[in-house]
Amino acid sequence: MEADGHSRMMTVCLCECLGTALFIFGILGTNLPITIPFSLFASVCIWGDITGGHFNPAVTLGVFTTLGNYGKNIGFMIMIIASQILGGMLGVGFNWLGSFDRPDESVAVLAPTNPLTGKPDNAANELDFSMDLQVCINEVMCTFIFISVILMVKGQHTAGDKIGIGAAMFVCITLLCCIASTNKLGACFNPAVGIALTANSIWKLGSQHYLYHYLYAYTLGPALGGLLAGLFHNIHKEAHKPDEQQYSAEHREGLIDKDDSNY
């Protein structure tokens, strides 16, 4: 969807698939949530210049919302999201090749931590309360913050000198902060991650209710957060434009691209 993406759709989709696979392979291979942003950083460094570095359907939805040209971009958006979900499953397959003998206790389970037992919440058997509302709100709000930062470092008038590796570092630090502060609620923020981790846990542990109960929150929550981040960016991005005189001077000096649609 971004600069020249329509001229190389298959390349973009392939790289989004591989980048998401690498990201999720890193998630499945670690028991330390603090290392997860570094898997994303690796994918962005390798494929970010080609694809825009989404590797997350919620990011793709946010970018789609900000770019406009919805009739032209919607088909491409669907292709990218499908590639990301496929990449998530590919990451599950790569992880299986190196971990098929690992004990069940090491399998990543996507569920909030029960504050009473300290174990993944089994919502079907909880007494007196559930954590659905907490998880949903956390996914929407943290994804909104995370993707708002991404859209700011991509924006023509908001990126400043935060480009390339610098932009990737800003994004990964934001993700690290969101994970560190809300990890006990699952801290997904990515529908492809939600689908892949749920499929992986069911595959290895069997179809138990607590393994998939919160899947709706870890997919729809980030999608809503991405959509809201895109809409919010559309509201305030005009305020970041320089005044007309300054804008014309920058154009004459060749400091900015004349095409405002490219990020």
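Everything discussed here concerns the structure shown above.
Description of the structure in this document. All figures in this text were calculated on a predicted structure; none of them were measured in a lab.

Helix α6 (residues 165–182) packs onto helix α2 (residues 36–51) with a crossing angle of 155° between their chain directions and a minimal axis gap of 9 Å. Here α2 is positioned roughly antiparallel relative to α6, judged by the angle of their axes. The way α2 lies across α6 gives a crossing that is right-handed. Where α2 approaches α6, its residues Ile 36, Pro 37, Leu 40, Phe 41, Val 44 and Cys 45 are matched on the opposing element by Ile 165, Ala 168, Met 169, Val 171, Cys 172, Leu 175, Leu 176 and Ile 179. Classifying every residue of the contact of α2 with α6 by side-chain character gives 14 nonpolar, no polar and no charged.

Moving on, we get to the state of the cysteines. Scanning all chains against the criterion turns up zero disulfides. Left without a disulfide partner, Cys 15 is nearest to the cysteine sulfur of Cys 13, which lies 9.6 Å away. Take Cys 15: its relative accessible area is 8%, and that puts it in the buried class. Between Cys 142, a free cysteine, and Cys 178, which holds the nearest cysteine sulfur, the sulfur-to-sulfur gap is 4.6 Å.

The next point concerns the nonpolar core. If you look at the biggest cluster of nonpolar residues, it comprises 52 residues, and the most contacted ones within it are Met 1 and Leu 40. When contributions to this core are tallied by element, the ones reaching two or more residues are α1 (9–28), α2, α3 (57–67), α4 (70–99), α5 (132–154), α6, α7 (191–205) and α9 (215–236). Residues contacting Leu 40, with those up to four places away along its chain left out, are Phe 23, Phe 55, Phe 146, Val 171, Cys 172 and Leu 175.

Bringing unusual backbone geometry into the picture now. A positive phi angle, close to 55°, is found at Phe 55, a residue other than glycine. Along the polypeptide, Phe 55 turns up in the loop between α2 and α3.

By the element assignment, Thr 174 lies in helix α6. Excluding its chain neighbours within four sequence positions, the residues that come into contact with Thr 174 are Ile 145, Phe 146 and Val 149.

Considering all chains together, one arrives at three aromatic pairs under this definition. Both rings, one in Phe 64 and one in Tyr 70, keep their centres 5.1 Å apart while their planes meet at 55°; by these two values the pair is tilted. A ring pair is formed by Phe 144 and Phe 232, whose centres lie 5.6 Å apart and whose planes are at 55°; its orientation type is tilted. Placement of Phe 144 in helix α5 and of Phe 232 in helix α9 is noted, with a sequence separation of 88 residues between them.

Looking now at α7. The end-to-end C-alpha separation of α7 is 21 Å, in line with the 21 Å expected for 15 residues at 1.5 Å each. Among all positions in α7, only Pro 191, Ala 192, Val 193, Gly 194, Ala 196, Leu 197, Thr 198, Asn 200, Ser 201 and Leu 205 are buried. The inward-facing, buried residues of α7 abut α1, α3, α4, α8 (209–212) and α9. Between the side-chain oxygen of the N-cap and the backbone nitrogen of Ala 192 there are 2.9 Å, and the N-cap of α7 in question is Asn 190. Two residues or fewer past α7, Gly 206 is found with a positive phi of approximately 90°.

A cluster of nonpolar side chains, contributed by Leu 14, Leu 18, Phe 25, Leu 90, Phe 94, Trp 96, Leu 97 and Trp 203, occupies part of the molecular surface with about 760 Å² of accessible area. Looking at the nonpolar patch, the elements that each hand over two or more residues are α1 and α4. In terms of residue count, the dominant contributor to the nonpolar patch is α4 (four residues). The topology assignment puts Leu 97 in helix α4.

One can find Gly 221 in helix α9. For Gly 221, a relative accessible area of 7% puts it in the buried group. Between the alpha carbons of Gly 221 and Met 141 there is a distance of 8.5 Å; along the sequence they are 80 residues apart. Beyond its immediate sequence surroundings of up to four residues, Gly 221 is in contact with Glu 139, Val 140 and Tyr 216.

The principal kink in α2, of about 50°, is found at Cys 45. Looking only at α2, the buried set comprises Ile 36, Pro 37, Ser 39, Leu 40, Phe 41, Ser 43, Trp 47, Gly 48 and Thr 51. Lining the buried residues of α2 we find α1, α5 and α6.

Let us look at the environment of Met 89. Relative to the elements of secondary structure, Met 89 occurs in helix α4. Here the alpha-carbon distance between Met 89 and Leu 197, two residues 108 residues apart in the chain, equals 8.8 Å. Not counting residues within four places of it along the chain, the set of residues in contact with Met 89 comprises Ile 195, Ala 196 and Ala 199.

The rules we used
Residues numbered from 1 in each chain as written. Predicted model: local features only at pLDDT ≥ 70, side-chain atom pairs only at ≥ 80, totals over all residues. Heavy atoms only, no water. Axes fitted to C-alpha atoms, helices over the stretch in contact; angles between N-to-C directions. Helix = DSSP H or I, 4+ residues; strand = E, 2+ residues; numbered from the N terminus. Parallel < 35°, antiparallel > 145°, perpendicular 65-115°, else oblique. Left-handed = near helix turned anticlockwise from the far one by under 90°. Contact = heavy atoms within 4.5 Å. Nonpolar A, V, L, I, M, F, W, Y, C, P; charged D, E, K, R; others polar. Disulfide = S-S within 2.5 Å. Buried < 20%, exposed > 50% of the residue type's maximum accessible area, 1.4 Å probe, protein only. Core = buried A, V, L, I, M, F, W, Y, C linked by side-chain atoms within 4.5 Å. Phe/Tyr/Trp six-rings, centres within 6.5 Å; stacked < 30°, edge-to-face > 60°. Expected span 1.5 Å × (residues − 1). Polar contact = N/O pair within 3.5 Å; in protein donor to acceptor, adjacent residues only side chain to side chain. Patch = residues over 30% accessible without salt bridge, like charges linked within 9 Å, V, L, I, M, F, W, Y side chains within 5 Å. Areas by Shrake-Rupley, 256 points an atom, 1.4 Å probe, with all protein chains shown as cover. Salt bridge = Lys/Arg side-chain N within 4 Å of Asp/Glu carboxyl O. Bend = angle between axes of the 7 residues up to and from the residue.

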